[in-house]
Amino acid sequence: MKLKVCGMKYNITEVAELQPDYLGFIFYEKSPRNFEDTIPELPKDIKKVGVFVDEKIEVIVAKIDTYKLDAIQLHGHESPEICRLLKSTKKEIIKVFSIKDEFDFSVLSNYKDVCDYFLFDTKGKLPGGNGYTFNWDVLKDYPFTKPYFLSGGIGLNEIEKIKTFKESPASKYCYALDVNSKFEIEPGLKDIELLENFKSQLFT
């Protein structure tokens, strides 16, 4: 599995030294992790993900150009048509869907050909960063082969749960783990020691 650290804002270079596969930058003004700074030079093998919530296509395209983004994560109510249009940017498209205790996977049907990955997050008050996990057993019924990111409240306390999940059929198409709020000192400031601990236990 790959590792994505999302909600980057402050200690970007230090997190990059841990060599995650993806770093996520949130471009959403209502988020305490909204990114408006300059991204420092990163290793070429770390992909930069821009996270957007119901944003205009022209704004997304401008951010891709400004920040040299490698992937676009759509965290709102974006339609399959929006995803299709954004695929013309030749960037990876990650479409987010929120889950709690159940999920109708049929809603994914119109998206599977217009995005590269799904991301399953916890349904909560906010578009993301709610800090708790959803019921991963729901993913046993995942009917597609499209790879997905697993997100939502993942922290050190979930390590054994993740190990068990990795051994289960439900994890077959789990491409990456996405972490954020459980590894923060404050919004956007990551706890390097916690991240290092997490990575060493699961990504060795």
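Below or above, wherever it landed, is the structure these notes cover. (Residues numbered from 1 in each chain as written. Predicted model: local features only at pLDDT ≥ 70, side-chain atom pairs only at ≥ 80, totals over all residues. Heavy atoms only, no water.)

The next subject is the sheet that holds strand 2 (residues 22–26). Reading around the barrel, the 8 strands line up as 1-2-3-4-5-6-7-8 and close back on themselves, with parallel pairing between neighbours. Between one strand axis and the next, the sheet turns through 30° on average, direction left out of account. Bridging between strand 2 and strand 3 (residues 47–52) involves 5 bridges; their strand directions are parallel. Opposite Gly-24, over in strand 3, you have Val-49 as the bridge partner. Here helix 5 (residues 192–202) sits on the sheet and contacts strand 1 (2–5) and strand 8 (174–179); the angle it forms with strand 8, its principal contact strand, is near 160°. (Pairing = 2+ DSSP bridges. Helix = DSSP H or I, 4+ residues; strand = E, 2+ residues; numbered from the N terminus. Axes fitted to C-alpha atoms, helices over the stretch in contact; angles between N-to-C directions. Contact = heavy atoms within 4.5 Å.)

This part covers the packing of aromatic side chains. For the structure shown, the criterion picks out 26 aromatic pairs. Seen in terms of ring centroids, Phe-27 and Phe-35 are 6.3 Å apart; in terms of plane orientation they differ by 85°. Their pairing is edge-to-face. Of the two residues, Phe-27 and Phe-35, both sit in the buried class. Both rings, one in Phe-149 and one in Tyr-175, keep their centres 5.6 Å apart while their planes meet at 65°; by these two values the pair is edge-to-face. Placement of the pair is Phe-149 in strand 7 (residues 148–150) and Tyr-175 in strand 8, with a sequence separation of 26 residues. For Tyr-175, a relative accessible area of 21% corresponds to the partly exposed category. (Phe/Tyr/Trp six-rings, centres within 6.5 Å; stacked < 30°, edge-to-face > 60°. Buried < 20%, exposed > 50% of the residue type's maximum accessible area, 1.4 Å probe, protein only.)

Here we come to the nonpolar core. Of all hydrophobic cores here, the largest spans 54 residues; its most connected members are Leu-23, Phe-118, Phe-120, Leu-139, Tyr-148, Leu-150 and Phe-198. Grouped together as the second largest cluster of nonpolar side chains are 12 residues, Tyr-22, Val-51, Ala-71 and Phe-149 included. (Core = buried A, V, L, I, M, F, W, Y, C linked by side-chain atoms within 4.5 Å.)

What follows is about helix 2 (residues 57–67). Two residues of an α-helix separated by three or four positions point the same way, owing to the 3.6 residues in each turn. When helix 2 is considered as a whole, its buried residues turn out to be Ile-60, Ile-64 and Tyr-67. Projected onto a plane normal to the axis of helix 2, the buried residues spread over an arc of 95° and lie on a single side. The exposed set on the far side of helix 2, more than 90 degrees from its buried face, consists of Glu-58, Asp-65 and Thr-66. Taken together, the buried residues of helix 2 touch strand 3, strand 4 (71–74) and helix 3 (80–86). Two residues or fewer past helix 2, Lys-68 is found with a positive phi of approximately 50°. (Arc of directions from axis to C-beta.)

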